[in-house]
Amino acid sequence: MLENKSIADIFTEIADILDIQGENPFRIRSYRNAARTIGDMSESLQDLVKTGRNLEEIPGIGKSIHEKILEIMKTGKCQSLEELKKKTPPGLTELLRLEGLGPKKVKLLYDGLGVDSVDRLEKAAQAGRLKDLSGMGEKTEEKILKSIEQFRAGIGRFKLSTGFTYAEALGRYLGDVPGVKRLDPAGSFRRRRETIGDLDILAICTKTSKVMERFVAYGEVKDVISKGETKSSIRLRNGLQVDLRVLDEESYGAALHYFTGSKAHNVAIRERAKEMGLKVSEYGVFRARDEKRLTGAREEDVFQAVGLPIIPPELREDRGEIAAAEEGRLPRLIEPADIRGDLQMHTVATDGKSSIAEMAQKAKELGYSYLAITDHSQAVRVAGGLNEKALAKHLKEVEKVSGQISGIRILKGVEVDILGDGTLDLKDDILKECEVVLGSVHSRFNMEEGEMTKRIIRAIKNPCVHILAHPTGRLILEREPYKVNLKEVVQAALDYGVVLEINAYPDRLDLRDVDARMARDMGAKLAISTDAHSRQQLELMKFGVFTARRGWIEAKDVINTYPLDQMLNSLR
DNA sequence: GCCGTTTTCGGCCCGACTGTTTTCAGTCG
Ligand SMILES: Nc1nc2c(ncn2[C@H]2C[C@H](O)[C@@H](COP(=O)(O)OP(=O)(O)OP(=O)(O)O)O2)c(=O)[nH]1
Ligand SMILES: [Mg+2]
Ligand SMILES: [Mg+2]
Ligand SMILES: [Zn+2]
């Protein structure tokens, strides 16, 4: 099975090589756009082709790239990439990953010194040979050695939840600086992507404010990457890069729009503005013909200037949000306040840290009207999962505590393991005692796609299962999802009335944004659940809501926004 | 290479910071 990512990687490599060869930048951009689109898709291209879909309907995929995709599917290779690799050694694209090294310098290093790998680059820099090249000097050499160190540290992206920790700390630090009027985290953090490549912060302040000085003097700083009047970048000790952009109050809206991105969204908005005789930048919206400033103090002013309603940050990925805005089809996105209950959590009965009563108390504090206690079943040994007898006793306990706590309904539940053959880990008799039954996979992740799909669909067919929990089993930055045909799973869930979970735990976020969007488009119902293992973790619900919002999901798509009776009725 | 309620050709976002460039290219946001 050919994964989208493998195809996307091929187009990225073509783009990188063309870049080094100094090819037409727009042609290169087309390959990069296609790679991004393909890499971001929920459905597999191979499945789309099998079902006869015309790939050229996908924005950014035209005749040439379509043909290449088919060629890759057929032969596993792309001949034009093979040709390109004959002229430009593959090691050069690795050099592009180094900070501060772009296509022009990589070409110079190769042509001038034969540098075709990071190791060789390091040797050349250490020997002081880089200075021999025109356009390279002492400082470039130093910077390159630093970049190599950074590259070798292998620091990639960070979880969104980590971003919150650092954004809050930096917010407190910079918030105290005199002259700072506004401080907004922007970039992928504000769009609530599941991971962030860096932290982008917008500051609005008075002309005399020392905010830049204070920023680069932050205690956690390891390196100052660059420092200017309006823009600086630092690297923290843990490897996280932080970018600070400073602008005047009159530019606040345009600046926030620019710095929130995404890049593709910005480009699309700016193209649209251009067609309208306008120019959009981080400074504001201008009339193209005479550069007269028209607006830009508020974010909605920017959208209004280009004839659109404001688009929520989570949707700004150039995935159809501009067309939807134009046609008045933007979803009314779910909000944290819509959530009325939490349908997955664990207690001390298995691997949780809090009691049933503590969970219920916390849920009450969060303003919920219900919660489901869903401890593990016996097959999940590491978690101390319950067998039929232990679960029966546990359910009695839930009932008892429920009677003792007023103002919130505690539902009897279980997270029953889906065994390797798709049968469930507990007998139907006991499952029927539960008001909420989650089914999920915790073992044998390495199955073939077909086998895994069958396994999960078999579980869906069991009438006891209400919700399919963490449907793809991934752990962000740690474990890839197991191979499964999600579209078939969603279809089965629809056919049998099973709800799909968006697991809100920040390491999971499963279904992920684009998968949840596909499920919603197919008509599936969702449940956003924290999978809390302590009462504090019930607060993680917001991460699930972020993911849902990124999936264009509305409150009506999510069963735990419903009042108790309606929620229970929506279970099969 | 992709795209099109002005186009099937001719455009394709816009600006900040760095270094060695004596006037701006390269890289990045
Ligand atoms: N107009 C325009 N804006 C850009 C460009 N590159 C970046 N931006 C804006 C939009 C981005 O969201 C924002 C921050 O840049 P980043 O490189 O940090 O990207 P972002 O935070 O979206 O993703 P990340 O998780 O950091 O990889 O700056 C660009 O080429 N053009
Ligand atoms: Mg960023
Ligand atoms: Mg950034
Ligand atoms: Zn689980």
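Located above this text is the structure these notes cover.
Residues numbered from 1 in each chain as written. Chains lettered and ligands numbered in written order. Predicted model: local features only at pLDDT ≥ 70, side-chain atom pairs only at ≥ 80, totals over all residues. Heavy atoms only, no water.

On to the protein's contact with DNA strand B, then. Around DNA strand B, the surrounding shell holds 50 residues, and the nearest of these are R29, G60, G100, G137 and Y283. Among the atoms of DNA strand B close to the protein, meaning within 4 Å, 75% are from sugar or phosphate groups. In this structure, S64 approaches DNA strand B through a main-chain N or O atom, which is 3.3 Å from a phosphate oxygen. Grouping the constituent residues of the surface near DNA strand B by class yields 14 nonpolar, 15 polar and 21 charged. (Near = heavy atom within 4 Å. Polar contact = N/O pair within 3.5 Å; in protein donor to acceptor, adjacent residues only side chain to side chain. Nonpolar A, V, L, I, M, F, W, Y, C, P; charged D, E, K, R; others polar.)

With respect to spatial proximity, 15 residues lie near ligand 1, and among them R157, S188, G197, D198 and D200 are the closest. In this structure, R191 approaches ligand 1 through a side-chain N or O atom, which is 2.9 Å from an oxygen atom. A distance of 3.3 Å is found between an oxygen atom of ligand 1 and a backbone nitrogen or oxygen belonging to T260. Contact with the protein chains hides 72% of the accessible area of ligand 1, taken as 590 Å² for the molecule alone. If you list the elements that add at least two residues to the shell around ligand 1, you get α11 (187-190), α13 (252-260) and α14 (263-275). In the shell around ligand 1, the residues fall into three nonpolar, six polar and six charged. Split by domain, the shell around ligand 1 shows at least three residues from each of two domains, domain 2 (158-246) and domain 3 (250-326). (Areas by Shrake-Rupley, 256 points an atom, 1.4 Å probe, with all protein chains shown as cover. Helix = DSSP H or I, 4+ residues; strand = E, 2+ residues; numbered from the N terminus. Domains from an automatic or database assignment.)

Spatially, the five strands line up as an open sheet ordered β2-β4-β7-β6-β5, and their pairing is mixed. With one partner strand each, in any of the chains shown, β2 (180-185) and β5 (221-227) form the two edges of the open sheet. Along the sheet, successive strands turn relative to each other by an average axial angle of 20 degrees, direction set aside. Where strand β6 (residues 231-236) lies against strand β7 (residues 241-247), five bridges are found, and the strand directions are antiparallel. The residue of β7 that forms the bridge with I234 is V242. (Pairing = 2+ DSSP bridges. Axes fitted to C-alpha atoms, helices over the stretch in contact; angles between N-to-C directions.)

The next thing to look at is the coordination of the zinc ion (ligand 4). Angles between donor atoms at a metal ideally measure 109.5 degrees for a four-coordinate tetrahedral arrangement and either 90 or 180 degrees for a six-coordinate octahedral one. The protein atoms donating to the zinc ion (ligand 4) are E415 (OE), H442 (NE2) and H470 (NE2), with metal-donor distances spanning 2.1 to 2.4 Å. Of note, the zinc ion (ligand 4) draws all its donor residues from one chain, in the sequence arrangement E-x26-H-x27-H. Of this pair, E415 sits in strand β13 (residues 409-417) while H470 sits in the loop between β15 (467-468) and α21 (486-496), and the two are 55 residues apart along the sequence. Per residue, the accessibility class of E415 equals that of H470, and both read buried. (Donors = N, O, S within 2.8 Å, 3.2 Å for Na, K, Ca; no water. Buried < 20%, exposed > 50% of the residue type's maximum accessible area, 1.4 Å probe, protein only.)

The coordination sphere of the magnesium ion (ligand 3) contains the protein donors D198 (OD), D200 (OD) and D243 (OD), at a distance range of 2.0 to 2.2 Å. Sequence spacing of the donors to the magnesium ion (ligand 3): D-x1-D-x42-D. Between the two metals, the magnesium ion (ligand 3) and the magnesium ion (ligand 2), the spacing is 3.5 Å, and D198 donates to both. With D198 in the loop between β3 (195-196) and β4 (199-205) and D243 in strand β7, this residue pair connects regions lying 45 residues apart in the sequence. Taken individually, D198 and D243 each receive the classification buried, so the pair is uniform in this respect.

Turning our attention to the pattern of salt bridges. Taken as a whole and judged by the stated rule, the model has 55 salt bridges. The partner of D16 in a salt bridge is R32, with the nearest N and O atoms 2.9 Å apart. Taken together, the positions of D16 in helix α1 (residues 4-20) and R32 in helix α2 (residues 25-39) put the pair 16 residues apart, joining distant regions of the chain. Judged by its relative accessible area of 3%, D16 is buried. The partner of R409 in a salt bridge is E435, and the shortest N-O contact between them spans 2.3 Å. Linking R409 in strand β13 with E435 in the loop between α19 (428-432) and β14 (436-440), this pair joins segments that are 26 residues apart in sequence. For R409, a relative accessible area of 30% gives the class partly exposed. (Salt bridge = Lys/Arg side-chain N within 4 Å of Asp/Glu carboxyl O.)

Each neighbour pair has its own omega, and for G261 with S262 the value is 0 degrees, a cis peptide bond. In this structure, S262 sits in the loop between α13 and α14. The residue L477 is not glycine, and still its phi comes out positive at about 65 degrees. Mapped onto the fold, L477 is located in the loop between β15 and α21. Residue L477 is classed as exposed on the basis of its relative accessible area of 54%. Positive phi values are uncommon outside glycine, yet W552 reaches one of about 65 degrees. For W552, the position within the fold is in the loop between α23 (541-550) and α24 (564-569).

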